[in-house]
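In case you want the letters, here they are:
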There are 2 protein chains.
Amino acid sequence: MEQITLNVNGMSCGHCVNSIESTVGKINGVSEVKVHLNQGKVEVCFNSETVSIDEIKEVIEEQGYEVV
Amino acid sequence: MEQITLNVNGMSCGHCVNSIESTVGKINGVSEVKVHLNQGKVEVCFNSETVSIDEIKEVIEEQGYEVV
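Residues numbered from 1 in each chain as written. Chains lettered and ligands numbered in written order. Predicted model: local features only at pLDDT ≥ 70, side-chain atom pairs only at ≥ 80, totals over all residues. Heavy atoms only, no water.

Some words on the sheet that holds strand β4 (residues 66-67) of chain B
Residue and element names in this part refer to chain B. Here is the rule: Two strands are said to pair when DSSP picks up at least two bridges between them. By the criteria applied, helices consist of DSSP H or I runs no shorter than four residues and strands consist of E runs no shorter than two, each listed in order from the N terminus. Contact between two residues is taken to exist if any of their heavy atoms lie within 4.5 Å; hydrogens are not considered. Between N-to-C directions, angles span 0 to 180 degrees; the directions come from axes that are lines fitted to C-alpha atoms, helices contributing only their stretch in contact.
The sheet built from four strands is open, its strands ordered β2-β3-β1-β4 with antiparallel pairing. The open sheet has two free edges, formed respectively by β2 (30-36) and β4, since each of these has just one partner strand. Two strands pair when backbone bridges link them, and strand β1 (residues 2-9) and strand β3 (residues 41-46) are joined in this way by six bridges, in the antiparallel orientation. Bridged to Glu2 within β3 is Phe46. Packing of helix α1 (residues 14-25) onto the sheet brings it into contact with β1, β2 and β3, and relative to β2 it is tilted by some 165°. Sitting on the sheet, helix α2 (residues 53-62) is in contact with β1, β2, β3 and β4, with an inclination near 30° to β1.

Quick word on the pairing of strand β3 (residues 41-46) of chain A
All names here are of chain A. Here six bridges tie strand β2 (residues 30-36) to β3, and the two strands are oriented antiparallel to one another. From the neighbouring strand, Glu32 faces β3, where its bridge partner is Cys45. What sits between β2 and β3 in their antiparallel hairpin is a turn of four residues, with Gly40 showing a positive phi close to 65°.

So, in structure tokens, the structure goes:
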């Protein structure tokens, strides 16, 4: 299990938090997601044998946010 | 049928637009809702015999926004 903190642009409200936490949380291999709205950060605990960082970033970007 | 434009604080993204347009649009007596995100304004067409402005404001505030 690994942990990354991604910098994400465009998260502006509680709906954005829910949107990211629910979609990223559903990825196979992701065990925990926590959005820090005021810091523009998303913390993710994941199993790197099951899912790659790129796949996690892609899911966030599909929701309309920019991973920087 | 009447039309009002409400000034609403706290709308920050497309999720907020959807949230307000869908909940206000479902009120009996409301025929049209349009959120102008960058102006912080919500335009509502409604039948004042069926619904009051206060009821419309209440639904917006229940979603977590402030009508000013």
